[in-house]
Amino acid sequence: MLSIKGINTTVGQEQQASMKEKEVLEDLEIHLARRDAEALFQEQPGTGNPYLEDTLLRSYLKTHLPPKVLEEVHQDLERFGNRLLTKIQPLSWECELNPPVFRQYDAWGQRVDHIHTCSAWRRMKEISAEEGLIAEAYEKRYSNWSRLYQAVKLYLFSSSSGGFSCPLAMTDGAAKVIESLGIPGSLKNAFDRLTSRDPEKFWTSGQWMTERRGGSDVANGTETVARKQPDGTYRLYGFKWFTSAADSDVALTLARIADAEGQCVQGSRGLSLFFLRVRDEEGKLNSIQVQRLKDKLGTRQMATAELWLQGARAELISAEGHGVATISNMLNITRIHNVIGAVASMRRMISLSRDYARKRVAFGKLLKDHPLHVQTIARMEVQVRGAFLLLMEIVRLLGLAETNLASEQEQLLLRLLIPVAKLYTGKQASAVAVEAMESFGGQGYMEDTGLPVILRDTLVLSIWEGTTNILSLDVLRSLAKSKGQVMAVFLSTVQEKLELVSSSRELALAMQRTREAIGSLREFMAAAGSEQTLTMELAARDFSYSLARIYTDEPQALLRSIHRPFFLSPGLFWQEPGNADTSYSPTGALLMEHAARADASSADACTALRWCSQELCPVAVESGRGSYRGGAALQDSALVFGNSRL
């Protein structure tokens, strides 16, 4: 008797049995192959309505918005979240798969310099108008809350925008500049289009500042020359090396006005700001030639180009020689948009990672049941919560400033927090994106999952609109310009939070750690006053990080730790907090205040405590290690260049 896979046969049935054995084995092989293949399939992570799933966002709005405003905003955001999920996210992927294409010549050899964008990209522009993503901030339907509401919509839109958040940032910035000029008659049409809800009328704007020398040093790097025409307009001549959203309708750009002899004033005093249409009414370029499109690491969905201005007609919109001061309004707005993008990318990656943990089985159980895996996600969650509340604080202050409700102290605080938030969240976003990608294992590295796209697009956030070091020095400039008053405001704006937070037993440990950090900060700043200016320059990055971490955590403790005035560095005087105006009672929410709400969750308190467990004052730690001493710069140079050949 032969026993073949449960089939009993006699010797006379060998041939039949052999055939049946072959069939059974083939079936078994197919089954095993399918089973192996099925074991490799992983359920795709996903998210629902991004507004409804964001409990931190909803709790913030519930705490701070007036009831009537909240009711209207909630309904619109829920609707918008559904639109993002069902209509806009698929368009985002189309933008990634169909990047812009540059066609320099037509079939007959005529130069056309046409930048072709996909239909999904063009649809994003229409959606931006329909949703009022720019208009909301300028219509001021909700008074000082309008800017915050716009920021929330942009935050939800960012990760699904297919890169269109970038032209929106510059469009918002251009509208802000025109508004700050009083919307002169010659720019009324442009302002109306930049802030329109009508897709047929809506314009986007570019921001053309970077030239062949590149970088943030526009004072010494700008070579573009403006020549005045008999009709009062100007013709621009120069090369713009990096122009984001090159398919935009208009642009703001810096140039040097040439006098009758063709001479230009150098440095920042020679820079003026100009407005120009990219194309004329017939769609022809305004004496502009496209050199090429940039081959970038990320944000590939958006056309970034090198442009030759060969007599482009433009309008002078700043006072002559005051271009940098005028365009600063645009830079503040685009930096806030940078913060929005950073927080949104972190939230998106963590949301996907959290959902994946509920679905992926490894080592016999779901990822959510592996404590170490959940701990990793929790640490990222703490970072995004802190960044989100810092963003909300900034746009809240901006809303007050734009409706003439902000005090001088609030405006100073806003000036300080914008570069601090931009530099800090840009770094946070890159770190979180890398960590979150790892939480998906090998799948995180696969292009068709879309996760590498988020990582690549996130990496630009610490570079665009000023690198970390450039913005750290900008923080020091804000202190110098205000003669130290901004630090006094940094303290006085949080006085009335003290009793609320200090009464919480849950937050007692966080309070203690923060007070210790502030004591360290005070000691560093007192010591820095007797050092050379180089000390503060070397400390600028760590100092800015310290401000970000302390303010996001619990700046009230600053007030308890400072008892006398002292110097930041020569010329930077920190005033005694008691001499500052302390009548302002802030309503912004940072981690400690958010955790002290009557309806706060245990997660809110946990977030504040964990935030405090990190080093809150890195500048004091590095100072203690001698990182900013006189010889430190020479040691740094030796480490970097000592083993290199000339």
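Residues numbered from 1 in each chain as written. Predicted model: local features only at pLDDT ≥ 70, side-chain atom pairs only at ≥ 80, totals over all residues. Heavy atoms only, no water.

(A) Representation of the packing of helix α11 (residues 323–359) against helix α12 (residues 371–402). It is at 9 Å that the axes of α11 and α12 come closest, and there the two elements cross at 150 degrees. With respect to their mutual orientation, α11 and α12 come out roughly antiparallel. In the crossing of α11 with α12, the sense of the turn from one axis to the other is left-handed. Here I333, I336, V339, I340, V343, M346, R347, I350, S353, R354 and A357 of α11 come into contact with α12, specifically with H373, I377, M380, E381, V384, R385, A387, F388, L391, I394, V395 and L398. Here the residues of the contact of α11 with α12 are counted per class, giving 17 nonpolar, two polar and four charged. (Axes fitted to C-alpha atoms, helices over the stretch in contact; angles between N-to-C directions. Helix = DSSP H or I, 4+ residues; strand = E, 2+ residues; numbered from the N terminus. Parallel < 35°, antiparallel > 145°, perpendicular 65-115°, else oblique. Left-handed = near helix turned anticlockwise from the far one by under 90°. Contact = heavy atoms within 4.5 Å. Nonpolar A, V, L, I, M, F, W, Y, C, P; charged D, E, K, R; others polar.)

(B) A look at the pattern of salt bridges. Inspection of the entire model under this criterion finds 41 salt bridges. In this structure, R335 engages D474 in a salt bridge whose closest nitrogen and oxygen atoms are separated by 3.4 Å. A residue pair is termed long-range when its members are at least 10 positions apart, and R335 in helix α11 and D474 in helix α15 (residues 468–481) qualify at 139 residues. D474 carries the same exposure label as R335, and that label is buried. Of the charged contacts in the structure, one is a salt bridge between R396 and E393, with a shortest N-O distance of 3.2 Å. Of this pair, R396 and E393 both sit in helix α12, three residues apart, which is roughly one turn of the helix. Ionic contacts of the salt-bridge type, sharing partners, join the residues D76, R79, R83, R123, E126, E130, E131 and K153 into one network. (Salt bridge = Lys/Arg side-chain N within 4 Å of Asp/Glu carboxyl O. Buried < 20%, exposed > 50% of the residue type's maximum accessible area, 1.4 Å probe, protein only.)

(C) How the structure looks around the pairing of strand β5 (residues 205–208). Alternating positions in β5 separate into two faces, S205 and Q207 on one and G206 and W208 on the other, with burial throughout. Across four bridges, the pairing between β5 and strand β9 (residues 250–257) is parallel. By the bridge assignment for β9, Q207 is matched with L252. (Pairing = 2+ DSSP bridges.)

(D) Structural view of helix α22 (residues 602–613). The terminal C-alpha atoms of α22, which comprises twelve residues, lie 17 Å apart, in line with the 16 Å expected from a rise of 1.5 Å per residue. Every buried residue of α22 is listed here: D604, A605, T607, A608, W611 and C612. One side of α22 carries all its buried residues, which in axial view fall inside an arc of 155 degrees. Facing away from the buried side of α22, by more than 90 degrees, are the exposed residues S602 and S613. (Expected span 1.5 Å × (residues − 1). Arc of directions from axis to C-beta.)

(E) The side chain of K153, seen in detail. Note that K153 resides in helix α7 (residues 146–158). Not counting residues up to four positions away in its chain, the partners in contact with K153 are D76, L77, R79, F80, E131 and L133.

(F) Summary view of the confidence of the model for the protein. Confidence along the protein averages 86 in pLDDT terms, with 85% of residues attaining 70 or more. A low-confidence stretch, residues 554–589 stays under pLDDT 50, and its non-local contacts, those more than four residues away or across chains, total 115 contacts. (pLDDT = per-residue confidence, 0-100.)

(G) α12, seen in detail. The end-to-end C-alpha distance of α12 is 46 Å, a good match for the 46 Å that 32 residues give at a rise of 1.5 Å each. Burial analysis of α12 places 24 of its 32 residues in the buried class, which makes it a mostly covered element.

(H) Highlighting unusual backbone geometry. The residue K140 is not glycine, and still its phi comes out positive at about 55 degrees. Secondary-structure assignment places K140 in the loop between α6 (135–139) and α7. What makes K140 partly exposed here is its relative accessible area of 25%. Here the phi dihedral of T299 falls at roughly 45 degrees; this positive angle occurs in a residue that is not glycine. For T299, the position within the fold is in the loop between β11 (288–293) and β12 (305–316). Residue class for T299 comes out buried when judged on its relative accessible area of 17%.

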